[in-house]
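Spelled out, the chains give:
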Amino acid sequence: MPDLLFSDAFNEGELANLTAINPADVRVAAMNLLARREHSRKELKQKLQKRFDDESVIDAQLNQLAEENLQSDSRYAESFVRQRFNRGYGPLRIRQEMRQKGLSDGEISVAMTAEDFDWCASAERVLSRKYGNGCAIELKEKARRTRFMQYRGFSADHFSNLV
């Protein structure tokens, strides 16, 4: 009995149809990701590219999701700023993380000014949670607290009188 090869069972046209990416599958995968949390377009595209090879199908589905307002970078940006603010991060770090997520400077600016965030009060909460309410006396301790606050994304204007 002769061995059957995969290429013998299907001609090239049938094989291409079997391996073609179905746009509905891309949409379902994107919707599943968006059902869990908001995603930026760049994040969503990266995740979909891990599963699907055809970039044009992915882009078409992402455009359609954006037109239907199911995926929105501005909504994602507002959500991201609010979430990071509540976790005690400062504006400098939040801006940097949003750039890494693929958001434009315009979207970032709008999201940062959408609500009235009190960065000084946030810096005070973060500092007191980490080090208590007392001020540092030694220069070495002041330097350590300053580095911590800069790492969290606060500028000296936000915390200089607290350290």
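Below is a short write-up of the structure. The shown structure was predicted, so the numbers you read here are calculated from the model rather than taken from an experiment.

**A few points about the overall build of the protein chain**
Then step 1. When you go through the protein chain residue by residue, the secondary structure sums to eleven helices and zero strands.
Then step 2. For the protein chain, the α and β elements follow one another from N to C terminus as α-α-α-α-α-α-α-α-α-α-α.
Then step 3. Counting contacts in the protein chain only where the partners sit at least 6 residues apart, residues at least 24 apart contribute 59% of the total.
Then step 4. About 10,500 Å² of surface is accessible on the protein chain, with carbon and sulfur atoms providing 49% of the total.

**Here's the deal with helix α10 (residues 139-152)**
Then step 1. In this model α10 runs 20 Å from its N-terminal to its C-terminal C-alpha over 14 residues, within 8% of the 20 Å that 1.5 Å per residue would give.
Then step 2. All of the buried residues in α10 are Glu-141, Arg-145, Phe-148, Met-149 and Arg-152. Down the axis of α10, the smallest arc covering the buried residues is 95°, so these residues share one side. Away from its buried face by more than 90 degrees, α10 exposes Leu-139, Lys-140, Arg-147 and Tyr-151.

**Focus on the side chain of Gln-71**
Then step 1. Along the chain, Gln-71 falls in the loop between α5 (55-67) and α6 (73-86).
Then step 2. Gln-71 gets classed as buried once you look at its relative accessible area, which sits at 4%.
Then step 3. A polar side-chain atom of Gln-71 sits 3.1 Å from the main-chain carbonyl oxygen of His-39.
Then step 4. The residues contacting Gln-71, other than those within four sequence positions of it, are Leu-34, His-39, Ser-40, Arg-41, Leu-44, Leu-65 and Ala-66.

Calculation criteria
- Residues numbered from 1 in each chain as written.
- Predicted model: local features only at pLDDT ≥ 70, side-chain atom pairs only at ≥ 80, totals over all residues.
- Heavy atoms only, no water.
- Helix = DSSP H or I, 4+ residues; strand = E, 2+ residues; numbered from the N terminus.
- Contact = heavy atoms within 4.5 Å.
- Areas by Shrake-Rupley, 256 points an atom, 1.4 Å probe, with all protein chains shown as cover.
- Expected span 1.5 Å × (residues − 1).
- Buried < 20%, exposed > 50% of the residue type's maximum accessible area, 1.4 Å probe, protein only.
- Arc of directions from axis to C-beta.
- Polar contact = N/O pair within 3.5 Å; in protein donor to acceptor, adjacent residues only side chain to side chain.

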